[in-house]
Amino acid sequence: RQCSERGTIARRVMCLAVMLCIVPACQPGASGSWGGIRGVDKTNFLRLRGGQKSDGAGNPDKKDIQMPILNNMLRISTALTNVSSEEHQARTPLDPDRLAFLRNAMAEMLENTTDVFVMSVENLQLDEDSDENVHLKIVALENIIERVDHMDLAVGLRNMGGFRPVISCLSSTNSSVRWKAAEVLATSVQNHDELQRDLVGMGALEKVTKMYANRSEDGMVRLKSLNAASALVRGNQTSEMWFLYNEGLGSLRADIQVGELRIRRKALFVLTHLLRSNAVLKAAILQIEDGAATQGKGVLPEVVQCLNASDLQVSEFAVSALLVLLEDAARPHLDAVRAQFPNLRTHLQARLEELGAGVEVVEPGEEAREEAGVPSEVEETRRLLALLSHGRRSEPPQRRPQSARGSPGHRSKGRRSAR
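Given the structure is predicted, the values throughout are model-derived calculations rather than measurements. (Residues numbered from 1 in each chain as written. Predicted model: local features only at pLDDT ≥ 70, side-chain atom pairs only at ≥ 80, totals over all residues. Heavy atoms only, no water.)

S.K.: Lay out the layout of surface pockets with the relevant residues and their values.
M.R.: Quantified by volume, the second largest pocket comes out at close to 220 Å³. Lining the second largest pocket we find 14 residues, and of these Leu249, Leu281, Ala284, Ile285 and Ile288 sit closest to its centre. Listing elements by their share of the lining of the second largest pocket, those giving two or more residues are α14 (237–258) and α16 (279–290). A per-element tally of the lining of the second largest pocket places α14 first, with six residues. The class makeup of the residues in the lining of the second largest pocket is ten nonpolar, two polar and two charged. (1 Å grid on protein atoms, 1.4 Å probe; cavity = no way out; pocket = protein on both sides within 12 Å on 5 of 7 lines; lining within 4 Å. Points joined across faces, edges and corners; volume = space filled by probe spheres on them. Helix = DSSP H or I, 4+ residues; strand = E, 2+ residues; numbered from the N terminus. Nonpolar A, V, L, I, M, F, W, Y, C, P; charged D, E, K, R; others polar.)

Here it is, written out as structure tokens:
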């Protein structure tokens, strides 16, 4: 809606500017000219404004109308834009009143982001003793969210001290204020390591982790808090370990098992990212599954259970998490996983059949990377199945000879097998 309104204002200002520039020139000038433009006579120019030349019967002559109009339009535009012409050089500029009007109109179109931030930060510090103040806080957070996805504006908000009031909103009694404040943090630190460190130093990570770990918290608040925590720790192993050891890993495990669907998806996604970036976490999970006393007490059983989920995204994220966890695992770890989950390979084969990719085992990375349009879940499922079957890491694609037909690794014919 705002873009539409601004576009309407822009069109009106442009039309007004054209009128202010052209109308003064469209006055009777010297003989043989109209508006001081040589070659445009008054009679033909008036046709541009709706006049028509008629034949003897009173019918307009279309050919006689169209060509003078086009010619006059070309002459007018050329004369007005020709900086070398005497008429252009002699033309007086806009008078101060008209120039001031245009400048004011353009200034109204250009938003002063600093003023928006200042007003929003002031509203964030209001007491929540009335519905009006709560509404002002929500609107202020929405205005900030719309702007902090731009990196420079997020830095500007930090420089003016605007993030501390945002962090204080995480303690609001209103759930909408809390989750919108968390969304501000998640949006602001995207791809900005310095701002990420600053907000962690202000206590943002501690607050959003506590909100996420609170199982009685509103679902939207927990989801946005997890988004914010994920953004605040991304790429920083110190922050990642702090999050994991301060109820982060336990909360992820609980949500993967029994969490609300949207939170379950996000928990699996965050866990996959943490496994990919944090070698300590991978080693710890595998070590737990190796011990006889601790086996089954880690996060691995919950992830394997998600493979049977009816939601496609949950099962896809579960495959990704298992692949990241086992891709670089040593053979003893793979043997332990195969022994603990003997039906895992059967389930993965059934999953491939559901995806229409065939049920056979293939070498890691083979052919799936070459086939256009194969979903990433198909390739990841094949690679995970190959790891559990052969105990090998992913390797570059290799061509099998035609004589491989009939071998245990032969692809059965299916809609995905045809090139």
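On we go from here.
S.K.: Explain the nonpolar core residue by residue, including any values.
M.R.: Ranked by internal contacts, the top residues of the largest apolar core, which has 85 residues, are Leu185 and Phe243. For this core, the leading source of residues is helix α18 (residues 312–326), giving ten residues. Not counting residues up to four positions away in its chain, the partners in contact with Leu185 are Phe163, Val166, Ile167, Leu170, Leu199, Ala204, Val208 and Ala228. (Core = buried A, V, L, I, M, F, W, Y, C linked by side-chain atoms within 4.5 Å. Buried < 20%, exposed > 50% of the residue type's maximum accessible area, 1.4 Å probe, protein only. Contact = heavy atoms within 4.5 Å.)

S.K.: Could you give me a rundown of unusual backbone geometry, with the residues and numbers involved?
M.R.: Phi is positive for Asn191, close to 60°, though the residue is something other than glycine. Residue position: Asn191 is located in the loop between α10 (175–188) and α11 (193–201). Despite not being glycine, Glu247 shows a phi value in the positive range, around 70°. Positionally, Glu247 belongs in helix α14. Owing to a relative accessible area of 55%, Glu247 belongs among the exposed residues under this scheme.

S.K.: Quick one: what's the story with the side chain of Lys137, residue by residue and with numbers?
M.R.: Note that Lys137 resides in helix α7 (residues 131–148). Given the relative accessible area of 7%, Lys137 is considered buried. Among the polar contacts listed, one links the side chain of Lys137 to the backbone oxygen of Leu124, at a separation of 3.5 Å. Apart from the residues within four sequence positions on either side, Lys137 is in contact with Asn123, Leu124, Leu126, Glu128 and Val177. (Polar contact = N/O pair within 3.5 Å; in protein donor to acceptor, adjacent residues only side chain to side chain.)

S.K.: Can you tell me about the confidence of the model for the protein, naming the residues and giving the values?
M.R.: Caution applies to low-pLDDT parts of the model: their predicted coordinates are not meant to be read in detail. Looking at the protein, pLDDT values average 75 and 63% of them are 70 or higher. In this model, residues 1–6 is a region of pLDDT below 50 whose contacts with residues beyond four sequence positions or in other chains number three contacts. The low-confidence segment residues 394–419, where pLDDT is below 50, has 48 contacts with residues more than four positions distant or belonging to other chains. (pLDDT = per-residue confidence, 0-100.)

S.K.: Report on the pattern of salt bridges, specifying residues and quantitative values.
M.R.: Enumeration over the complete set of coordinates arrives at 17 salt bridges. Here Arg253 and Glu302 are joined by a salt bridge, their closest N and O atoms 3.2 Å apart. Of the two residues, Arg253 is situated in helix α14 and Glu302 in helix α17 (residues 300–305); the sequence distance between them amounts to 49 residues. Put simply, Arg338 and Asp335 hold a salt bridge, and the shortest N to O gap is 2.3 Å. With Arg338 and Asp335 both in helix α19 (residues 331–340), this residue pair falls three residues apart, about one helical turn. On the basis of relative accessible area, Arg338 is assigned to the buried category, the value being 18%. Residue class for Asp335 comes out partly exposed when judged on its relative accessible area of 35%. A cluster of three or more residues bridged by salt bridges with shared partners is formed by Arg158, Glu194 and Asp198. (Salt bridge = Lys/Arg side-chain N within 4 Å of Asp/Glu carboxyl O.)

S.K.: Can you lay out the packing of helix α15 (residues 261–277) against α18 for me, pointing to particular residues and giving the numbers?
M.R.: Packing of α15 against α18 leaves a shortest axis separation of 9 Å and a crossing angle of 15°. Of the possible angle classes, the one that applies to α15 and α18 is roughly parallel. With respect to the hand of their crossing, α15 and α18 are arranged in left-handed fashion. Contacts between α15 and α18 involve Leu261, Arg264, Arg265, Leu268, Phe269, Thr272, Leu275 and Arg276 from the first element and Gln313, Val314, Phe317, Ala318, Ser320, Ala321, Val324 and Leu325 from the second. Looking at the contact of α15 with α18 residue by residue, the classes come out as ten nonpolar, three polar and three charged. (Axes fitted to C-alpha atoms, helices over the stretch in contact; angles between N-to-C directions. Parallel < 35°, antiparallel > 145°, perpendicular 65-115°, else oblique. Left-handed = near helix turned anticlockwise from the far one by under 90°.)

S.K.: Kindly report on the environment of Phe317, identifying the contributing residues and their values.
M.R.: Here Phe317 lies in helix α18. Separated by 60 residues in the primary sequence, Phe317 and Glu377 have C-alpha atoms spaced 8.6 Å apart. Not counting the four nearest positions on each side in its chain, Phe317 is found in contact with Arg265, Leu268, Phe269 and Thr272.

S.K.: Any chance you could break down the environment of Leu252 for me, citing the residues and the numbers?
M.R.: With respect to the helices and strands, Leu252 occurs in helix α14. A relative accessible area of 1% places Leu252 in the buried class. Spatially, the C-alpha atom of Leu252 lies 8.8 Å from that of Ala213, the residues being 39 residues apart in sequence. Discounting chain neighbours no more than four positions away, the residues touching Leu252 are Tyr212, Leu226, Phe243, Ala267, Val270 and Leu274.

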